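Below are the chains, spelled out letter by letter.
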Amino acid sequence: FDWNMAHWTVAVEWQIYFLFPLLLLPAWLYGGAWLTLAVALVISALPLALLPPAYDLSWACPWYVALFAMGTIAAVGSERGCSESRRAILRATGFALVLLYLGSWVLLRDAWTTNAWLNFAKDVVVGGAVAILLLELTLNVRAGKPRRFAGRILESRPAIALGHVSYSLYLVHCSVLTICLAILQRAGWSPATGFAFRVLVGVPASIACAWVFARAF
């Protein structure tokens, strides 16, 4: 677990892909997207609200139920289509979520990684913004509209190449970055130097190992 926590999650992920739909399917059938999102947010918040901080399951990120719901809603919306008026509302909501995230980072930086409720909120805010962005880009592609800046980046050759090894990158990056951390601890470098080392060495090394892993398996 300490060496590569991504590996142990693979053993339970397939069960999650059954569990999350079973949790949300009744809400979807009864009330559609908005009720599904509301139920997902309630389920996500229940452990934090009802359990003591030491046992609130925040280490397991129960709010991923809400992220799953957002992704599902975006996928269905991209398939069924969306009116221009609703898309305008979603775009405004996406910009508002980005501003909310940046504002919370400025104002609540001291508790940025230690407060479970803040972790819940910021993941949901980012998840909502990304879901809206992907829905907007997909609808533009389906409508044959010119690619915007974000769309051109995501459809660029480097992004597509990275996408081809993305799951391998998920599987190997923890091991590579753990090695980088061990080097940093032994060298005793400053936080700024350590950050630069992880970005300039750790990230390319992770991508290279992911490429080898994908080619091998």
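See the structure printed just above.
What counts as what
- Residues numbered from 1 in each chain as written.
- Predicted model: local features only at pLDDT ≥ 70, side-chain atom pairs only at ≥ 80, totals over all residues.
- Heavy atoms only, no water.
- Phe/Tyr/Trp six-rings, centres within 6.5 Å; stacked < 30°, edge-to-face > 60°.
- Helix = DSSP H or I, 4+ residues; strand = E, 2+ residues; numbered from the N terminus.
- Axes fitted to C-alpha atoms, helices over the stretch in contact; angles between N-to-C directions.
- Left-handed = near helix turned anticlockwise from the far one by under 90°.
- Contact = heavy atoms within 4.5 Å.
- Nonpolar A, V, L, I, M, F, W, Y, C, P; charged D, E, K, R; others polar.
- Expected span 1.5 Å × (residues − 1).
- Buried < 20%, exposed > 50% of the residue type's maximum accessible area, 1.4 Å probe, protein only.

A. Representation of the packing of aromatic side chains within the structure. Scanning all chains against the criterion turns up 5 aromatic pairs. Measuring from centroid to centroid gives 5.5 Å for F20 and F68, while their planes differ by 70°, and the two rings are edge-to-face. Taken as a pair, F20 in helix α1 (residues 5-50) and F68 in helix α2 (residues 64-80) lie far apart in primary sequence, 48 residues in all. When the centroid spacing of 5.9 Å and the interplanar angle of 55° are considered together, the rings of W117 and F120 count as tilted. Here W117 pairs with F120, and both are found in helix α4 (residues 116-142), just 3 residues apart, close to one helical turn. Three or more aromatic residues joined by ring pairs form one cluster here, namely W63, W117 and F120.

B. A look at the packing of α1 against α2. It is at 6 Å that the axes of α1 and α2 come closest, and there the two elements cross at 145°. Pair α1 / α2 crosses with left-handed handedness. For the pair α1 and α2, contact is made by F20, P21, L24, W28, A33, T36, L37, A40, L41, I43 and S44 and by Y64, V65, A66, F68, A69, M70, I73, V76 and R80, respectively. Looking at side-chain class alone, the contact of α1 with α2 contains 17 nonpolar, 2 polar and 1 charged residues.

C. Representation of α2 in the model. For α2, spanning 17 residues, the distance from its first C-alpha to its last is 24 Å, which sits close to the expected 24 Å at 1.5 Å a residue. Taken residue by residue, α2 has V65, A66, A69, M70, A74, G77 and S78 as its buried positions. For α2, the secondary structure elements touched by its buried residues are α1 and α4. Positive phi appears at G81, one or two residues downstream of α2, with a value of about 90°.

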